[in-house]
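Geometric and topological summary
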Amino acid sequence: MKVLVVGKGGREHTIAWKLSQSKDIEKVFVAPGNDGISIENKCECLKIESIKEILNFVKNNNIDITIVGSEEYLANGIVDKFEESNLKIIGPSQNAAQLESSKIFAKSFMKRHNVQTASFNTFIELKDALEYSKKASYPLVIKADGLAAGKGVFICNSYKDSTQALNELMKEEKFGEAGRKIVVEEYLKGFEASVFLLMDGRNYKFFNVSKDHKKLLEKDQGPNTGGMGAITPHPDVDEKLTKIIFQKIINPTIKGLEEEGLLYKGFLYIGLIIENDEPFVLEYNVRLGDPEAQSMLYLLKSDFSDIINDIEEERVNTTNIEFYDGFSFCLVLSSEGYPFSYAKGERITIKPEITSKIFYSGVKKDGEDLLTNGGRVLSIVNKANTLEEARNIVYEEAEKIHFKSKYYRKDL
Ligand code: ATP
């Protein structure tokens, strides 16, 4: 089988690597990919980015199935375009992708279907949002309606903070169209969990729960990032909590998707916050997470191409999903300054004795050298019987990788 993965980050590297392990997979193309992915056996990155170019490549090269990693392509309707040409693709339609690409769409969906979520209001006029936040109690969370790569969420501790966030979003239009409409949400205090489901358009299957670390700095301080590390399975989600998550989140979500004709082939990622043993949905994402994919797929024992086939053939309810025992631990190495401005083009050196898996995100090749080329540069992943062991191995190995502005959290 020849497959194509759409995207260019560590998540796409992981998907491509896991597929390449399968004996049924002859070749994995990644569009556009990155130079770190090309190092992988059977994998080739294509220097093409637009939906049109990707579609033409798939048609002309007899690609059996396409798997979309990145949300932008889904929000821009890649799945609808492929389906119009009768090509097999894993991902939601543009309509269903609104669960992720519009927070107003998602919150309204949750409200209609009694999915537990933080209470909220939506605004399209700056003056109404300012008026509301003058009287609100704090902290308060202000979110851009559209996609903003994790940067469109502001946790405000005062009216002054809200005014600044609202002006940035709705007046200065820093996030363009994405921030013209906003959601103002109650602040919840608790721990976060990322729940993943496989969906085939008819059935669904629970995949795993992972722990992501969104904040840049230790003790969960500082700005939000795309994610600084992940642990699978989530160490704080036990059987009792999982039951409540099914009852209050997964079951009503699936029922709602069915009723509204929004079921699709792919992954549903439900971002939760758990406050006093009660789960609340923060967001829906319609694809795998980054860096959760790195830790989940590294722990996955089952053949990933079998799972993709089961999604395509609409039989995920009978899919046998096996994970290795224990935990996997993923640590992101980023460039100092991320998620704001940071240096690029720094030489990456890796000691040969490293045993952990490295998934590349922001890198490019310069001759034989690999250089940094993004905020999140790479992730280091390993697994062990205990979380402590997995964590210790990865932290030791982080010292065997060097680039000038290397930064990582030391407290995951
Ligand atoms: P973007 O749309 O910019 O890509 P996102 O989709 O990642 O952002 P969310 O998941 O809704 O946005 O929020 C990002 C992070 O902000 C969460 O992981 C959480 O840490 C924090 N956050 C969001 N909503 C709340 C809330 N109601 N209470 C407390 N923290 C929150």
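Calculation notes
- Here, residues in each chain are numbered from 1, in the same order as that chain's written sequence.
- Since the coordinates come from a predicted model, pLDDT governs what is reported: local features require at least 70, and pairs of side-chain atoms require 80 or more to be given and counted, while whole-chain, interface and lining totals use all residues.
- Here the side-chain values reflect all heavy atoms present in the structure, with hydrogen atoms and water set aside.
- UniProt positions are given in the numbering used here, feature names are shortened, and annotations may be inferred rather than shown by experiment.
- The numbering of helices and of strands both runs from the N terminus, where a helix is a DSSP run of H or I of at least 4 residues and a strand a run of E of at least 2.
- Only C-alpha atoms enter the radius of gyration, while the globule expectation follows 2.2 Å times N to the 0.38, with N the number of residues.
- Any residue under 20% of the maximum accessible area for its type is buried, any over 50% is exposed, and the rest in between are partly exposed; the area is computed with a 1.4 Å probe on protein chains only.
- Under the convention used here, a 1.4 Å probe and the Shrake-Rupley method define accessible areas, while residue burial counts only the protein chains that appear.
- Two residue types count as positive, namely Lys and Arg, and two as negative, namely Asp and Glu; His and chain ends fall outside the count.
- The atom standing in for a charge is NZ when the residue is Lys, CZ when it is Arg, CG when it is Asp and CD when it is Glu.
- Here a strand pair is declared whenever DSSP counts at least two bridges between the two strands.
- Orientation is described by axes fitted as lines to C-alpha atoms, over the contacting stretch for helices, and by angles from 0 to 180 degrees between their N-to-C directions.
- Small angles under 35 degrees read as roughly parallel and large ones over 145 as roughly antiparallel, with 65 to 115 read as roughly perpendicular and the rest as oblique.
- Contact between two residues is taken to exist if any of their heavy atoms lie within 4.5 Å; hydrogens are not considered.
- Amino acids outside the nonpolar list (Ala, Val, Leu, Ile, Met, Phe, Trp, Tyr, Cys, Pro) and the charged list (Asp, Glu, Lys, Arg) are all regarded as polar, and Gly is one of them.
- A molecule or strand has a residue near it when one of that residue's heavy atoms lies within 4 Å.
- Counting of polar contacts relies on pairs of N or O atoms within 3.5 Å, with two restrictions inside protein: one atom must be capable of donating a hydrogen and the other of accepting it, and residues adjacent in sequence are counted only when both atoms are side-chain atoms.
- Throughout, the edges of the domains are those of an automatic or database domain assignment.
- Here's the idea: put two parts together, see how much 1.4 Å probe accessible area each one loses, and the total over both is what we call buried area.
- A carboxyl oxygen of Asp or Glu within 4 Å of a side-chain nitrogen of Lys or Arg is what we treat as a salt bridge.

Per an unreviewed UniProt entry, the protein is named Phosphoribosylamine--glycine ligase, and its organism is Petrotoga mobilis. The record in UniProt for the protein states the following under Pathway (unreviewed entry): "Purine metabolism; IMP biosynthesis via de novo pathway; N(1)-(5-phospho-D-ribosyl)glycinamide from 5-phospho-alpha-D-ribose 1-diphosphate: step 2/2." Here the protein is described in UniProt, under the heading Sequence similarities (unreviewed entry), as follows: "Belongs to the GARS family."

Quick look at the overall build of the protein
Looking only at helices and strands, one finds 12 helices and 24 strands in the protein. Its C-alpha atoms give the protein a radius of gyration of 21 Å, within 12% of the compact-globule value 22 Å for 412 residues. Its C-alpha atoms give the protein principal-axis dimensions of about 60 × 45 × 45 Å. Among the 412 residues that make up the protein, the fraction classed as buried is 58%. Of the roughly 17,800 Å² that the protein leaves accessible, carbon and sulfur atoms contribute 45%. Averaging the coordinates of the 55 positive side-chain charges in the protein and doing the same for the 63 negative ones gives two points 2 Å apart.

As for the pairing of strand E9 (residues 182-186)
Within a regular strand, the side chains alternate between the two sheet faces. Extensive coverage of E9 is indicated by the burial of four of its five residues. By the bridge criterion, four bridges tie strand E6 (residues 120-123) to E9 in an arrangement that is antiparallel. What sits directly across from Phe120, in E9, is Glu185. As paired strands, strand E7 (residues 140-144) and E9 are joined by five bridges and run antiparallel to one another. By the bridge assignment for E9, Val141 is matched with Glu185.

Section: the packing of helix H1 (residues 10-20) against helix H11 (residues 304-312)
Between H1 and H11, whose axes approach to 7 Å, the crossing angle comes to 100°. In this view, H1 runs roughly perpendicular relative to H11, as classed from their interaxial angle. Across the interface between the two elements, Ile15, Lys18 and Leu19 from H1 touch Phe304, Ser305 and Ile308 from H11. Of the residues belonging to the contact of H1 with H11, the class tally is four nonpolar, one polar and one charged.

Concerning the site of the ligand
Close to the ligand lie 22 residues, the nearest being Lys143, Gly150, Glu185, Glu192 and Glu283. The backbone of Gly152 places a nitrogen or oxygen atom 2.9 Å from an oxygen atom of the ligand. One of the side-chain nitrogen or oxygen atoms of Lys215 is found 3.3 Å away from an oxygen atom of the ligand. When the ligand is considered free in solution it has 620 Å² of accessible area, and contact with the protein chains removes 94% of it. Of the residues assigned to the shell around the ligand, the class counts are nine nonpolar, four polar and nine charged.

Topic: the side chain of Thr117
Structurally, the position occupied by Thr117 is in the loop between helix H6 (103-112) and E6. Within the structure, Thr117 has its side chain in polar contact with the side chain of Lys107 (distance 2.8 Å). Here Val281 takes part through its backbone oxygen, which lies 2.8 Å from a polar atom of the side chain of Thr117. Setting aside chain neighbours within four positions, we find Thr117 in contact with Lys107, Met110, Phe280 and Val281.

Quick word on the sheet that holds strand E4 (residues 65-68)
Read across the sheet, five strands follow the order E3-E2-E1-E4-E5 without closing on themselves; strand pairing throughout is parallel. Since the sheet does not close on itself, it has two edges, and those belong to strand E3 (43-45) and strand E5 (89-90), each with one partner. Across the sheet, helix H2 (residues 51-60) touches strand E1 (2-7), strand E2 (27-32) and E4, and the angle it forms with E1 is around 175°.

Structural notes on the sheet that holds E9
Taken together, the four strands give an open sheet; going across it, the order is E6-E9-E7-E8, and neighbouring strands pair in antiparallel fashion. This sheet does not close on itself; its edge strands, each paired only once, are E6 and strand E8 (153-156). For this sheet, the mean inter-axis angle between neighbouring strands, taken without regard to orientation, is 20°. Contacting E6, E7 and E9, helix H7 (residues 126-135) crosses the sheet at an angle of about 150° to E6.

Examining the domain arrangement of the protein
Its domain assignment divides the protein into domain 1 (2-93), domain 2 (119-186), domain 3 (191-318) and domain 4 (327-407). Using C-alpha coordinates to define each centre, domain 1 is positioned 24 Å away from domain 4. If you look at the interface, domain 1 gives 11 residues, while domain 4 gives nine residues. Approximately 770 Å² of surface area, both sides summed, lies buried where domain 1 meets domain 4, with 60% of it carried by carbon and sulfur atoms. The partner of Glu40 in a salt bridge is Lys357, with the nearest N and O atoms 3.2 Å apart. Where domain 1 meets domain 4, there are seven residue pairs in polar contact (both at pLDDT 80 or more). For the side of domain 1 that touches domain 4, the per-class residue count stands at two nonpolar, six polar and three charged.

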